[in-house]
Amino acid sequence: MTIWIDIGALDDVPLRGSRCVATPTGKVGVFRTADDRVFAIRNECPHKGGPLTEGIVHGHSVTCPLHNWVISLETGEAQGADEGAVGTIPVRLDSGRILLLRAAIAAKAAA
Amino acid sequence: MTERLVIIGNGMAPGRMLEHLLDAAPAAYDVTIFNAEPRVNYDRIMLSPVLSGEKTYDDIVIHDDAWYASHGITLHRGHRIASIDRDAKTVTSEGGITAPYDRLVIATGSNPFMIPVPGKDLPGVLAYRDLDDVQTMLRMAERGGRAVVIGGGLLGLEAAAGLKQRGMEVTVLHVMPTLMERQLDPAAGYLLEKELKRRGIHVITKANTKAILGRTHVQGVELADGTQIPASLVVMAVGIRPNVQIAKDAGLEVGRGIVTTDAMQTSDPAIYSVGECAEVGGQVYGLVAPLYEQARVLAAHLSGDTAPRFVHVDTPTKLKVTGIDLYSLGDFAEGDDREEIVLRDASAGVYKRLVLKDNVIIGTVLYGETADGAWFNDLKKKATDVSAMRDTLIFGQMFQGGTQSDPLQAVAALPDDAEICGCNGVCKGRITGAIRSKGLTDLDGVRAHTKASASCGSCTGLVEKILKLELGDAFNPAAVQPMCPCTTHGHDEVRRLIRAKALKTIPAVMQELEWSTSCGCAKCRPALNYYLVCDWPEDYRDDYQSRFINERVHANIQKDGTYSVVPRMWGGMTSSSELRAIADVVDKFDIPAVKVTGGQRIDMLGIRKEDLPAVWADLGKAGFVSGQAYAKGLRTVKTCVGNTWCRFGTQDSTGLGIRLEKFMWGSWTPAKLKLAVSGCPRNCAEATCKDIGVICVDSGFEIHFAGAAGLDIKGTEVLGHAATEDEALEIVVALTQMYREGARYLERIYKWTKRIGVPEIKKQIIDDLPRRRAFFDRFVHSQRFAQVDPWSERVSGKDKHEFKPMAVVGYQEAAE
């Protein structure tokens, strides 16, 4: 059975902003874009591990605060000339609540 | 011997004439100019963009002081000529200067026609003719209220649109049934009227002005039918009359204008005339293209080439109102011997009409979509037989020959002799020739060498396409570098448009300036946020999602994601209790590193984000506020101990440093701003490599600026001397405000200075006291909203979400 974990309300995340969620497998960034979609990715830039939640959110991307890599929130991949990717975590919205797929944040622990 | 050439008037026509003359025969004449206006030669066509705020006076100067100096030309500004003595060959100004001439050019231009109705001389009734008129309008517009523009021609409508954009309620009165009837047919006039009304400008046609109302100042306008329209400003733009008085008094032949031959020579062979005052071939002219042609002809004659003659050519008309595309050319009256082709697209607001006679285009009116104007003009000029392409002619050039969908192709297809710049009569071949022979790579180069796009600028797009065709990818149309890939506008344009259009939110900027992305990017958003903070300190709500992390959480992010915290130590002074408080905080939060910074303060490094509010709370209790060591804003003011302790100190440098820091803290600037005050020229505070530095001397304070000691190393420039601390503070603050308003985001003060020049900054801050004061006052106003300690705000709970995780998912919960 697919299990989802409720991590908070949509309104807890600022529009064009992000929050971070601590999990046993490390920090996860939860992003809310201008069109009110929500994405979750591992909060470590593939470049030097910068905290992506601290970046500027634009379109469906975030720019890492350390060295300005632009990471796609949809695929987790670095944009432009940079190469690398972070893991993405499936998200579901249910009546104003944000849910993360448990299997995705527990993946490492289970392995 | 060098002949003496005297020119009466310093408008665009004589200015252009001189350029040609200096090219052809640089040493032939000793030139003296008398100008009734107290200015250099500027581009009058661009007065409307100045009124609307899209350009500044400095942008439209054609010849600056240096130009006159470098060509050895004597320019008497503010000197109106009172008389010409043709026997003695001298002119005498109202100011009493007499100058002898061998040859004389009369270029007195024209006077605006003021309708002879009661009240026309009341204060508040203006013409729309020169920069003084524009400046008066701008002053009136600042107070808001209502304006009436009399005249629905080219100038009147540009004035109306400009005043509306400046926030006035505007009514246009036009005596004819449709607007711009001399350039537009009724259908296009109707579309134009509809568009102006949509923009909130009232238009009354068939309006006969009977009187201007008011006793001490204009209060309104009364029409013949009794309608009264209240107004505090009335602009008359009903036409011009050639200014011929001086020629008439001198006994020259005068008709509507000063009568000249087709070589621009008047009835006295030693006297010439060009510009709006001249009548050649029975016609007087008001548009710039034929006037520039007159200038070219006269220059040739003065340099000894008598071949060129002035020949009449129809000039296209364009309206310079942003967002209204309108083009008209030639003769478009109906007639039995004429045919017309019309295209209307009501929903797109497009109207095109071609008038043909014997299968040749003789007139064109384009509204809403004018890209094909140049092509139609070309067909008309060459009297091309259009019968073969008649069916599709109205769809424009791209439609001919099938599938060319690339707008570049349309330009590529133009023949070499197709006119690109109507104002300056520059054809495509001359532009491509100049690009090749001079190795030009940008728009400025083309403007400098050919004049194309250097007057009204409406052909800029065409010129850029030609550059693109010639240079391929080597051409970066960023003669203006766009801010970022989301827009084609450069920083300066964006800043100007934010002010001109009173844009006060990031979405408004992106909408109005046609951003290509939905919400910008990490480059443009922080820049826009700064521009809006700077320009609208009272109204703008800072968008924290558009700030870099450091400014969002008021600490400096480190490579491991922890933060560093630097409290202010005013002027680098501290005390035992402050040091004790810092020591306690370091112990309590187990802060791994403490460092003395180069800016005379203490940095605590390696603080976890979650701990920041608690760290700040403890620091706040000891009286500390944020040192803004993370900000594009005022950072430190470094000082030496000055005459309080030092045996060489000349002034209280520490005291002045603290005063500056307390006055300026909290202000946002385009890039970081670091100050220093040294108590004597030994300069222990290293003020001469700072953004702004003060060196105390016996007689007061030397103000330095534009130093750098980072990626670049550069000593400061000297701005000026202040006798008192108060004056030093005023200069430093005014300079900061000028920099805040003028620089591009992330542009340090030394780069900004390099771009605009030290003399310009001295002129505005040192020489022009009212201007300095105005900068100072705007800074003070802005500080009312900026001087809030961000740390104590956050200790009190602001942006709580920033400092803790949204959720903590434990092992149990996450276990499969």
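Because the structure is a prediction, the values reported are computed rather than measured.

Novice: Sorry if this is basic, but what is going on with the overall build of chain B here?
Specialist: The secondary structure content of chain B amounts to 28 helices and 40 strands. Burial statistics for chain B: of 816 residues in total, 54% are counted as buried. Expressed as a percentage of contacts within chain B between residues at least 6 apart in sequence, the contacts between residues at least 24 apart total 61%. By element, 50% of the accessible surface of chain B is carried by carbon and sulfur atoms, the whole surface being about 35200 Å². Positive and negative side-chain charges in chain B, numbering 96 and 103 respectively, have mean positions lying 4 Å apart.

Novice: Honestly, the UniProt feature "domain: FAD/NAD(P)-binding" (unreviewed entry) in chain B in this entry has me stumped. Any pointers?
Specialist: According to UniProt, the feature "domain: FAD/NAD(P)-binding" (unreviewed entry) maps to residues 4-282 of chain B in the numbering used here. With 25% helix and 28% strand, residues 4-282 of chain B has end C-alpha atoms that lie 30 Å from one another.

Novice: Is there a simple way to think about the environment of Lys120(B) in this case?
Specialist: All names here are of chain B. Positionally, Lys-120 belongs in the loop between strand 8 (110-112) and strand 9 (125-127). Taking the relative accessible area as the measure of exposure, Lys-120 reaches 27% and is therefore partly exposed. Residues Lys-120 and Val-218 lie 98 residues apart in sequence; the distance between their C-alpha atoms is 8.9 Å. Lys-120 has contacts with Met-114, Ile-115, Val-125, Ile-212 and Met-236, leaving out every residue within four places of it along the chain.

Novice: Mind showing me how you'd approach the packing of aromatic side chains here?
Specialist: By convention here, two paired aromatic rings are described through the distance between centres and the angle between planes. Residue and element names in this part refer to chain B. Taken as a whole, this structure holds twelve aromatic pairs over all chains when the rule is applied. Considering the side-chain rings of Tyr-42 and Tyr-57, the 5.8 Å spacing of their centres and the 70° angle between planes classify their relative orientation as edge-to-face. Of this pair, Tyr-42 sits in the loop between strand 2 (29-35) and helix 2 (47-52) while Tyr-57 sits in helix 3 (residues 57-60), and the two are 15 residues apart along the sequence. Classification of Tyr-42 by relative accessible area gives buried; the value is 2%. Ring plane angle 90° and centroid distance 5.2 Å describe the contact between Trp-67 and Tyr-68, whose orientation is recorded as edge-to-face. Residues Trp-67 and Tyr-68 agree in their burial class; the two are buried. Looking at Arg-547, its charged tip hangs above the ring of Trp-668, at a distance of 3.8 Å from the centre. In this arrangement the basic side chain of Lys-662 is found over the ring face of Trp-570, its NZ or CZ atom lying 5.0 Å from the centre.

Novice: What am I meant to see in the pattern of salt bridges here?
Specialist: Once their charged atoms are close, side chains differing in charge can pair, the charge on each being opposite to the other. Residue and element names in this part refer to chain B. Considering all chains together, one arrives at 63 salt bridges over all chains under this definition. The salt bridge partner of Glu-19 is Lys-451, with a shortest N-O separation of 3.0 Å. Taken together, the residues span a long stretch of sequence, with Glu-19 in helix 1 (residues 12-24) and Lys-451 in the loop between helix 13 (443-450) and helix 14 (460-471) at a distance of 432 residues. Taking the relative accessible area as the measure of exposure, Glu-19 reaches 16% and is therefore buried. For Lys-451, a relative accessible area of 24% puts it in the partly exposed group. For Arg-744, the salt bridge goes to Asp-492, with nearest N and O atoms at 2.6 Å. Taken as a pair, Arg-744 in the loop between helix 23 (725-742) and helix 24 (749-756) and Asp-492 in helix 15 (residues 491-500) lie far apart in primary sequence, 252 residues in all. Take Arg-744: its relative accessible area is 27%, and that puts it in the partly exposed class. One network of salt bridges, with partners in common, ties together Glu-727, Glu-730, Arg-772, Arg-773 and Asp-777.

Novice: Can you help me understand the sheet that holds strand 36 (residues 700-705) of chain B in this one?
Specialist: Across a sheet, strands are paired by hydrogen bonds formed along the backbone, either parallel or antiparallel in direction. Residue and element names in this part refer to chain B. Spatially, the five strands line up as an open sheet ordered 33-34-35-36-39, and their pairing is mixed. Whereas interior strands pair on both sides, the edge strands pair on one side only; in this sheet they are strand 33 (634-639) and strand 39 (717-722). Here the strands of the sheet are splayed against their neighbours by 20° on average, with no regard to which way each runs. In this sheet, strand 35 (residues 692-697) lies alongside strand 34 (residues 673-678) in parallel orientation, the contact comprising four bridges. Each bridged residue has a counterpart across the sheet, and for Leu-675 the counterpart in strand 35 is Ile-692.

Novice: Explain the interface of chain A and chain B here, please?
Specialist: Bring the parts together and some accessible area is lost; that lost area is often taken as the interface size. With 34 residues of chain A at the interface, the matching set in chain B holds 32 residues. Between chain A and chain B, roughly 2700 Å² of surface is buried when both sides are summed, and carbon and sulfur atoms account for 60% of that area. On the chain A side of the interface with chain B, the three residues burying the most area are Arg16(A), Glu54(A) and Ile56(A), jointly 25% of the side's total. Counting across the chain A and chain B interface gives two salt bridges. For the salt bridge of Lys609(B) with Glu54(A), the shortest nitrogen-to-oxygen distance reads 2.7 Å.

Novice: I keep staring at the UniProt feature "domain: Rieske" (unreviewed entry) in chain A and nothing clicks. Help me out?
Specialist: Those residues carrying the UniProt feature "domain: Rieske" (unreviewed entry) are residues 4-100 of chain A in this numbering. In residues 4-100 of chain A, helix accounts for 0% and strand for 45%; the two terminal C-alpha atoms are 5 Å from one another.

Novice: Would you mind going over helix 22 (residues 653-664) of chain B with me for this structure?
Specialist: Residue and element names in this part refer to chain B. A rise of 1.5 Å per residue sets the reference length of helix 22, with its twelve residues, at 16 Å; its end C-alpha atoms lie 16 Å apart and thus fit the reference within 8%. Turning to helix 22, its buried residues number three or more, namely Ser-653, Thr-654, Leu-656, Gly-657, Leu-660, Glu-661 and Met-664. The buried residues of helix 22 occupy one face: seen down the axis, they fall within an arc of 165°. Gly-666 lies just past helix 22 and shows a positive phi near 90°.

Novice: For this particular structure, what's the right way to read the sheet that holds strand 19 (residues 271-273) of chain B?
Specialist: All names here are of chain B. Spatially, five strands are ordered 3-2-1-7-19 in an open sheet, and the strand pairing comes out parallel. With partners counted over all chains shown, the strands left at the sheet margins are strand 3 (74-77) and strand 19, one partner each. In this sheet, neighbouring strand axes are inclined to one another by 15° on average, regardless of whether the strands run parallel or antiparallel. Across three bridges, the pairing between strand 7 (residues 103-106) and strand 19 is parallel. Residue Val-105 lies in a different strand from strand 19, and its bridge partner there is Tyr-272. Here helix 9 (residues 288-302) sits on the sheet and contacts strand 1 (3-8), strand 2, strand 7 and strand 19; the angle it forms with strand 7, its principal contact strand, is near 175°.

Novice: What should I look at first to understand the packing of helix 12 (residues 428-438) of chain B against helix 14 of chain B in this one?
Specialist: Helix-helix packing: each pair is described by the crossing angle between the helix axes and the interaxial distance. Residues and elements named next belong to chain B. Two elements in contact, helix 12 and helix 14, have axes separated by 10 Å at closest approach and are oriented at 50°. Our classification of the angle between helix 12 and helix 14 gives oblique. Handedness of the helix 12/helix 14 crossing: right-handed. Listed contacts from helix 14 to Lys-428, Ile-431, Thr-432, Ile-435 and Arg-436 of helix 12 are Val-463, Ile-466, Leu-467, Glu-470 and Leu-471.

Conventions and cut-offs
Residues numbered from 1 in each chain as written. Chains lettered and ligands numbered in written order. Predicted model: local features only at pLDDT ≥ 70, side-chain atom pairs only at ≥ 80, totals over all residues. Heavy atoms only, no water. Helix = DSSP H or I, 4+ residues; strand = E, 2+ residues; numbered from the N terminus. Buried < 20%, exposed > 50% of the residue type's maximum accessible area, 1.4 Å probe, protein only. Contact = heavy atoms within 4.5 Å. Areas by Shrake-Rupley, 256 points an atom, 1.4 Å probe, with all protein chains shown as cover. Lys, Arg positive; Asp, Glu negative; His and termini not counted. Charge placed at Lys NZ, Arg CZ, Asp CG, Glu CD. UniProt positions renumbered as here; feature names shortened; annotations may be inferred. Phe/Tyr/Trp six-rings, centres within 6.5 Å; stacked < 30°, edge-to-face > 60°. Lys NZ or Arg CZ within 6 Å of the ring centre and 35° of its normal. Salt bridge = Lys/Arg side-chain N within 4 Å of Asp/Glu carboxyl O. Pairing = 2+ DSSP bridges. Axes fitted to C-alpha atoms, helices over the stretch in contact; angles between N-to-C directions. Buried area = accessible area lost by both parts, 1.4 Å probe. Expected span 1.5 Å × (residues − 1). Arc of directions from axis to C-beta. Parallel < 35°, antiparallel > 145°, perpendicular 65-115°, else oblique. Left-handed = near helix turned anticlockwise from the far one by under 90°.

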